[in-house]
Amino acid sequence: MSTATQPDRFARVGDDPLVIEWHVQKHIMFTWEIDIEALDPFVPDELTAVEVRPGIGLFSVATLLYQPNQFRPGSPPFLELVSVAHVQADLSVKMPMSRFAMHAISVYSDSPDFIDQEAEKLFTPTTLDPSLTLTFTENWDGVDAADQDGPIISFRNTNPNPVYTPDELWGQHYNDTHGLHFGVWEWDGVKCEHMQRGNAGKFFPHPFFKGMDLSRLHGCYRQMIPKPGSTAVERFYKTRQLRR
Amino acid sequence: MKRPDYYDYTYDMFIASIDGEQSEASRFSEWIDAAERDGVYAFEAPRLGGQTPMVRARRGDGSELELLNFSSYNYLGYSTHREVIEAAKAALDRYGLGAASSPVQAGTSELHSQLEQRLLDFMGLPDRGVSLFSSGYAVNTGTISAVMKRRHHIVIDKSAHMSILEGAQLARSKVHYFEHNDVAHLKEILQQIAPDGTVGTRTLVCAEGVYSADGDYGKLAEIVPLAKSFGASVLVDEAHSFLLTGERGRGVAEAQGVLDQVDYFVITFSKALGGIGGALIARRDVARYVNWYARCRMFSCALDPAVTAGVTRALELGAGSDGAARRDRLARNAAQLRTALAPRVDLGRSTSWIVPVIYGPENLTIPLADGLQRAGLDGSVMSFPAVPVNEARIRLFVTSEHTEAQIARCAAIVRGAAGELGFAKPERQS
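Residues numbered from 1 in each chain as written. Chains lettered and ligands numbered in written order. Predicted model: local features only at pLDDT ≥ 70, side-chain atom pairs only at ≥ 80, totals over all residues.

Peer 1: Would you mind going over the domain arrangement of chain B with me for this structure?
Peer 2: The accessible area lost on association of the parts is a frequent measure of interface size. Residues and elements named next belong to chain B. What the domain assignment reports for chain B is domain 1 (40-70 + 324-421) and domain 2 (81-319). In this complex, domain 1 contributes 14 residues to the contact, which on the side of domain 2 involves 10 residues. Of all the secondary structure elements, the ones that give two or more residues to the side of domain 1 that touches domain 2 are α12 (321-341) and β10 (354-360). No other element matches the three residues that β10 contributes to the side of domain 1 that touches domain 2. (Domains from an automatic or database assignment. Contact = placed C-beta atoms within 7 Å. Helix = DSSP H or I, 4+ residues; strand = E, 2+ residues; numbered from the N terminus.)

Peer 1: I would appreciate a short explanation of the interface of chain A and chain B in the present structure.
Peer 2: Across the boundary between the two partners, chain A contributes 20 residues, which contact 21 residues of chain B. Of all the secondary structure elements, the ones that give two or more residues to the side of chain A that touches chain B are β3 (51-53) and β12 (179-194) of chain A. Within the side of chain A that touches chain B, the residues separate by chemical class into eight nonpolar, six polar and six charged. (Nonpolar A, V, L, I, M, F, W, Y, C, P; charged D, E, K, R; others polar.)

Peer 1: How should I be thinking about the environment of A:K238 in this particular structure?
Peer 2: Residue and element names in this part refer to chain A. Mapped onto the elements, K238 comes out in the loop between β15 (232-237) and β16 (240-243). Judged by local crowding, K238 falls into the partly exposed class, with 17 C-beta atoms found within 10 Å. Distance from K238 to V184, taken between C-alpha atoms, is 7.6 Å for residues 54 residues apart in sequence. Residue contacts for K238: discarding those within four places in its chain leaves D16, P17, V19 and G183. (Buried ≥ 20, exposed ≤ 12 C-beta atoms within 10 Å, placed from the backbone.)

Peer 1: What am I meant to see in the packing of helix α4 (residues 136-147) of chain B against helix α9 (residues 284-293) of chain B here?
Peer 2: Packed helix pairs are characterised by how far apart their axes lie and by the angle those axes make with each other. Residues and elements named next belong to chain B. Where α4 contacts α9, the axes come no closer than 9 Å and their chain directions differ by 105 degrees. The pairing of α4 with α9 is recorded here as roughly perpendicular in orientation. Between α4 and α9, the residues in contact are G142, T143, A146 and V147 and Y289, V290 and Y293, respectively. Tallied by class, residues from the contact of α4 with α9 come to five nonpolar, two polar and no charged. (Axes fitted to C-alpha atoms, helices over the stretch in contact; angles between N-to-C directions. Parallel < 35°, antiparallel > 145°, perpendicular 65-115°, else oblique.)

Peer 1: So what exactly am I meant to see when it comes to the pairing of strand β8 (residues 133-136) of chain A here?
Peer 2: Strand residues, when the strand is regular, have side chains that alternate between the two faces of the sheet. Residue and element names in this part refer to chain A. Across four bridges, the pairing between β8 and strand β9 (residues 142-147) is antiparallel. Bridge pairing in β9 links L134 to A145. Where β8 hands over to β9, the hairpin turn is made up of five residues, of which W140 adopts a positive phi near 65 degrees. (Pairing = 2+ DSSP bridges.)

Peer 1: Explanation requested: the sheet that holds strand β12 (residues 392-397) of chain B in the structure shown.
Peer 2: Residue and element names in this part refer to chain B. The sheet built from five strands is open, its strands ordered β1-β2-β11-β12-β10 with mixed pairing. In this open sheet, the two edge strands, each paired with only one partner strand, are β1 (54-58) and β10. Taken pair by pair, the neighbouring strands of this sheet meet at an average axis angle of 45 degrees, ignoring direction. The pairing of β10 with β12 spans six bridges and is antiparallel. Residue pairing in the sheet places V357 in a bridge with I394 of β12.

Peer 1: Could you clarify how one ought to interpret the pairing of strand β11 (residues 377-382) of chain B in this entry?
Peer 2: Residues and elements named next belong to chain B. Here three bridges tie strand β2 (residues 64-70) to β11, and the two strands are oriented parallel to one another. When the bridges of β11 are listed, F70 appears paired with G379. As paired strands, β11 and β12 are joined by three bridges and run antiparallel to one another. Bridge assignment links M382 to a residue of β12, and that residue is R393.

Structure representation (structure tokens):
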């Protein structure tokens, strides 16, 4: 991890300074449609789940393989598996327009250093899972996640002709572990984002989902896959506590 | 030169904000203001005349442009037809401007009764009834919420119009979505609702004749019998197909041989008929019930007299040889445009008079709409979330009134824009 080493425009957003900058080797995020009634119990009262069609909310699972040397020279690469509910943003925040606002539901990582950083800087409820494995496909367009409790997800890209473009996304994140916290994130990298139909994979019953009714999930709404061989950067800004 | 950040904005970003200051409204306004300041805002340019193939429009900076009009769904040209306008004028003189009452109170006039009868005659469904609405959107919201309630099931094609979705939302029924035109997926959902083969709870399947974002036909010949085999009712919205296809112009349900099996036949008067409003054609007792229990009908003013008379005349014309000739021209014109464009741009699934040109990234929407207008073409652009991400499109509405030269000019402008903005297909080597 490094802080505030990037050009000035990333050093702060509004009044909030950059606090974490992660360098990502591989990453995949698939967003799924879910009955909003099944998602709502995971969303704090202060927030509102995005409803893309009447009765349908959005649930994303992202997988990330981070580069080595982020905590100290020689620190190993590490993994993160995160699930979020898409929620409405707070557009009064002084920041570039938010593309997504996400409320963290479950976060697993195999890195104690990562857990410490997330807890200290972002108040994210990350669970240490040394047995977590992420197996990316050869083209970086699919991933299987599993741990000692069994398989968790298996995602596959459904776009036979992906077009990759550089992108800079801004968004907001919320978590509700030690009170409700809010923060701004930014991502830049080269990705293909699409909504092509097809068999995008499956979910397995697993404690990672915290009792969510997986039968209420419908098709895959959107897929984001990285350009093979590219890297990405994720930046997080100082969080604010909205509720104790 | 770096493109402005606001090129990357999409409609969904402004749908709501959790703060108490309505920041979504101020941020949305800032977006529009920025595009207007930069002189690239091509939307909402007021027309200075009727929806003819050539129109004049005024941009935000006050400049007036002469435009090829491929953004209006006046498919058969009846909106500006002399006889239609004369009929509307006569009704205006006799009945005044507005109906001035709910249709179930004093708002129904003889004009409405005549239109209802003409619709039944044209459809060849004498045992059915008609419920007139003052907007096509309201036909779906009003009908669906009147006949469907909590714990009922509504199964909707994912590409269906927002008015169907909103009707389902108002009904508070359990809503299911099947992948667009995916009959196997529909069957899967119906089997979940009715494991023993027949629905035990009221179930409505909703589909369309022609889908407005893709310009493709609904697979009604498969969807309607499938739904009926499970005991479900079927609503078919023929907004973009009524009077435009089928042996007698009755729509896609007629063309595919399932017209008499459709329970709720929904049409609009704002497309082929060139007016405003819409109608439900259903079992006679159901139409009467909807007249009284569709809240947006019961609690709004009836369709205005001038439009009612104009639409009636348009229907009379459209039902006869004039309509047949216009339908032929429409089909020919649409084929000409698709043929001219298909080698150079992606037209998706279009097989109709709605010709989408898929340009892809949302961040081309503002410069493309601006560039097309300045080149002399008005097309209707759509981007995420109305269509999938990275599948933004120019939607070209062909009409029977476009000339060959106008269609060729439209295609040339689109091909030029595709080359300039990078969404053209590679040219074939000869």
